[in-house]
Each structure stands twice: as structure tokens, then as C-alpha cells.
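# Chain and residue survey
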Amino acid sequence: MKIDQNTTLFGVVGFPLGHTLSPVMHNAAFEATGLNAVYLAFPTKDPEGCVRGMRAFGIRGLSVTLPLKSAVLPFLDEVDPLAKKIGAVNTVVNHRGRLVGYNTDASGALKAIEERTTLANKRCLILGAGGSARAIGFILREKGVALCVANRSPRRGKDLALSLQCPYIGLDEMEGRSADLLVQTTPVGMAPHVEESIVPESILRPPMVVMDIVYNPVETKLLRMARARGCLTVSGLGMFLYQGAEQFNLWTGMEPPMKAMTLAVEKALREAHEGN
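These lines cover the structure that appears in this document, whether it is placed above or below. For every chain, the first residue of the written sequence is number 1, and numbering continues from 1 along that sequence. In view of the model being predicted, local features appear only for residues whose pLDDT reaches at least 70, and side-chain atom pairs are presented and counted only at 80 or more, with totals across whole chains, interfaces and linings using the full set of residues. For side-chain calculations, the full set of non-hydrogen atoms in the structure is used, while hydrogens and water are omitted.

Two side chains of opposite charge can pair, provided their charged atoms sit close to one another. By salt bridge we mean one thing: a side-chain nitrogen of Lys or Arg within 4 Å of a carboxyl oxygen of Asp or Glu. Tallied over the full model, the rule gives 11 salt bridges. The residue Asp4 makes a salt bridge to Lys2 at a minimum N-O spacing of 3.7 Å. With a 1.4 Å probe rolled over the protein chains alone, any residue whose accessible area is under 20% of its type maximum counts as buried; one over 50% counts as exposed, and the rest are partly exposed. A relative accessible area of 63% means that Lys2 is categorised as exposed. Between Arg55 and Asp77 there is a salt bridge; the shortest N-O distance is 3.0 Å. Taken as a pair, Arg55 in helix H2 (residues 47-57) and Asp77 in the loop between strand E3 (61-64) and strand E4 (78-79) lie far apart in primary sequence, 22 residues in all. With relative accessibility at 34%, the residue Arg55 sits in the partly exposed group. By relative accessible area, Asp77 is classed as partly exposed at 33%. Going along the chain from the N terminus, every DSSP run of H or I of four or more residues is numbered as a helix, and every run of E of two or more is numbered as a strand.

Our focus in this paragraph is the sheet that holds strand E12 (residues 232-234). Two strands make a pair as long as DSSP finds a minimum of two bridges between them. Overall, parallel pairing links the six strands, which are arranged E9-E8-E7-E10-E11-E12 in an open sheet. The open sheet is flanked by strand E9 (168-170) and E12, the only strands paired with a single partner. Within the sheet, the average angular offset between the axes of one strand and its neighbour, ignoring direction, is 20°. Across four bridges, strand E7 (residues 123-127) lies against strand E10 (residues 181-184) in parallel orientation. Residue pairing in the sheet places Leu127 in a bridge with Gln184 of E10. With axes taken as lines fitted to C-alpha atoms, and helix axes fitted only over the stretch in contact, angles between N-to-C directions fall between 0 and 180 degrees.

Attention now moves to the packing of aromatic side chains. Each Phe, Tyr or Trp ring (for Trp, its six-membered ring) is paired with any other whose centre lies within 6.5 Å, and the angle between the two planes then decides the class: stacked below 30 degrees, edge-to-face above 60, tilted in between. Scanning the model with the defined rule gives five aromatic pairs in all. Ring centres of Tyr39 and Trp251 lie 6.0 Å apart, and the angle between their planes is 45°; on these two criteria the pair is classed as tilted. A residue pair is termed long-range when its members are at least 10 positions apart, and Tyr39 in strand E2 (residues 37-43) and Trp251 in helix H8 (residues 236-252) qualify at 212 residues. Following the ring pairs from residue to residue traces out a cluster consisting of Phe10, Phe30, Tyr39, Phe248 and Trp251.

The method works on a 1 Å grid over the protein atoms by themselves. A cavity is a set of points holding a 1.4 Å probe that cannot get out, a pocket is an open set with protein on both sides within 12 Å along at least five of seven lines, and residues with an atom within 4 Å of a point line them. Grid points are joined across faces, edges and corners, and a volume is the space filled by probe spheres set on the points. Counted under the stated rule, the structure contains one cavity of 30 Å³ or more. Counted as a void, the largest cavity has a volume near 40 Å³. Every residue along the wall of the largest cavity is listed here: Gln184, Val188, Gly189, Glu196, Ser197, Ile198, Asp212 and Leu222. We call Asp, Glu, Lys and Arg charged. Ala, Val, Leu, Ile, Met, Phe, Trp, Tyr, Cys and Pro are nonpolar, and the rest, Gly among them, are polar. Taken together, the residues of the lining of the largest cavity sort by class into three nonpolar, three polar and two charged.

Moving on to the sheet that holds E3. Sheet strands line up and pair through hydrogen bonds in the backbone, either parallel or antiparallel. Strand order in this open sheet of six strands is E2-E1-E3-E5-E6-E4, and the pairing throughout is mixed. This sheet does not close on itself; its edge strands, each paired only once, are E2 and E4. For strand E5 (residues 91-95) and strand E6 (residues 98-102), the ladder comprises five bridges, and the chain directions are antiparallel. Bridge pairing links His95 to Arg98 in E6. Those strands touched by H8 are strand E1 (8-14), E2, E3, E5 and E6, and its axis lies near 10° from that of E5. Any two residues having at least one pair of non-hydrogen atoms within 4.5 Å are treated as being in contact.

Relative to the assigned elements, Glu196 resides in the loop between E10 and strand E11 (209-212). Judged by its relative accessible area of 39%, Glu196 falls in the partly exposed class. Counting along the chain gives 49 residues from Glu196 to Leu147, while the straight-line C-alpha distance between them is 24 Å. Residues in contact with Glu196, not counting those within four places in the same chain, are Val188, Gly189 and Lys221.

Moving on: the side chain of Asn151. Along the chain, Asn151 turns up in strand E8 (residues 146-151). From its side chain, Asn151 meets the backbone oxygen of Ser153 in a polar contact 3.0 Å long. The residues touching Asn151, leaving out its near neighbours within four places in the chain, are Gly128, Ala129, Arg156, Gly157, Tyr168, Ile169, Gly170 and Leu171. Whenever two N or O atoms come within 3.5 Å, that pair is a polar contact, provided that in protein one can donate a hydrogen and the other can accept it, and provided that, for residues adjacent in sequence, both atoms are side-chain atoms.

Residues Cys124, Leu140, Leu147, Leu181, Val183 and Met211 are the most contacted members of the largest nonpolar core, which totals 31 residues. Looking at this core, the elements with two or more residues in it are helix H4 (105-114), E7, helix H5 (131-142), E8, helix H6 (154-164), E10 and E11. With six residues, H5 is the largest single contributor of residues to this core. In this structure, Met211 is in contact with Ala109, Ala112, Ile113, Leu182, Val183, Gln184, Leu223, Val234 and Met239, ignoring residues within four places of it in sequence. Buried Ala, Val, Leu, Ile, Met, Phe, Trp, Tyr and Cys residues form a nonpolar core when they are joined through side-chain atoms within 4.5 Å.

In this structure, Thr8 sits in strand E1. Accessibility expressed as a relative area gives 18% for Thr8, which makes it buried. Apart from the residues within four sequence positions on either side, Thr8 is in contact with Asn36, Ala37, Val38 and Arg60.

That's the geometry; what it means functionally is another story.
Here's what the structure looks like:
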């Protein structure tokens, strides 16, 4: 990688960022396409500060992760209609000083799910109430999926359920629920806490489709349990790659080099697993 006075800067903001493989994915994409660009991690909990920094330093594009996906909205110049409806962004593009927010989580998750199953007449239980849950909930609702939100915090869970016009249940009420699709959007099960799951094993019954948006590890404890009980599983890796590919296109206007991005992320995950 050549870095000089003409190198274009991209990055990811949020906290913590020790687990993120976004730099691996996007730097592989820049290398594969020959772009003089670099992507860095900027750990921060300050939404206004990171947006001001983006303007001041001419950062061309940012990925936005927890806990900033909704918090940055007031500081942007414009928000894409879908992201505005969702109430969260995961991508910011600097159009010559005008900062525009987008949400590629929604389309990324949808592509990953539709690779494995159809959504017609499906009932979905969404675990979590953060920015990713909002994005996935809104895109699934647009597809006609009947939703239900389960969350540890009643206030946040009920707020999201109200936005999605669907029921809310506490985590302790999941036992009696049946669903065709379960989407786990919380950080539970993410490395290094790989032996954790908040889903009762008893509700995992075929032909349920189970998606966990955690991609490190690729197969979480939840996905292992679901596969062992005969459910179809969807790894978070597909969503991560698809949302990243759409980010690359928004930032550069170029076709994303999916093969290079995929190989780089898979290699990093494999090395992390071997290191443990």
C-alpha cells in the first residue's frame, strides 16, 4: 500500500472497534481496484466530533457502527430516504463537503437472507433494538414479513416495535413464540464471548431459518445450536460483505471487488481463529 499526500482517507467510527474487520475488507478493495486510498479505525463515542473531523480533514467516507448509528443523524447535511425512515445510518459519504448518510445494513441483510430462503408469508422474531435491528426490521416489513421484537430493555424494544408497528416481547417470553425466521442483532456471541447465546434452544425447530448478524466468529453458538437442531442458518458474514460492497460503491462509484473483499475477510477470520 502506497500512502502519500494524495491518499484518500476513509474509516470507521464507533466504540469499541477492536473486533471490526472493516479495515481489512475495504483496504483489500482499494488494493484490488488500484485506488490510492486507506481505511482506518477511529474509536469514538462522540457523534458530533467525528462528523466535524470528517469535514475538517476531508475524509471521503465513513462507516458508522455502535453506538453512533442514530446519534450522528442531526449532524449530517442530508439523509437518504430509507436511512431516514429507519432512523439510523451506517455509511456517510462526503460529497465535496456535503455529508450524506445512508443505510447499507438493510440491503446487506436482505441479500444474505434471500440467498438462503424466500420471505413470502414469513413471521420473523428480531432480537435486539439497535441500529441494525431497525434497518433489518424496516426492510423486512417492506417485504411483507410479519415482525415481532424481543429485547432486554423494554423501553428500547417497545420503541422499535412501535416504529415497526409490531408486537414486543421480553427475552423471557421467547420460549412460547414460534417464527419462520429468527434474526439475532445483538453483540451476544461476538468474539471473545463466543460461548454466549440469549436464544432458548427449545424454540429452534425446523424449518426455522436462523440468522446471526455477528460475523466473528462466522458460526456463533446460536448458529451451532440451530444447525444441530435442523434449522437453516445464515451467517453474519454475508451481510457484512454485502453492506461493505454497497459502501464501496457509494464512496467510489465503482463496482466492488467482491472476491478480493471476501478472501481478505475470510483469511483474517481464519488467522484469528487459529491464533486462539
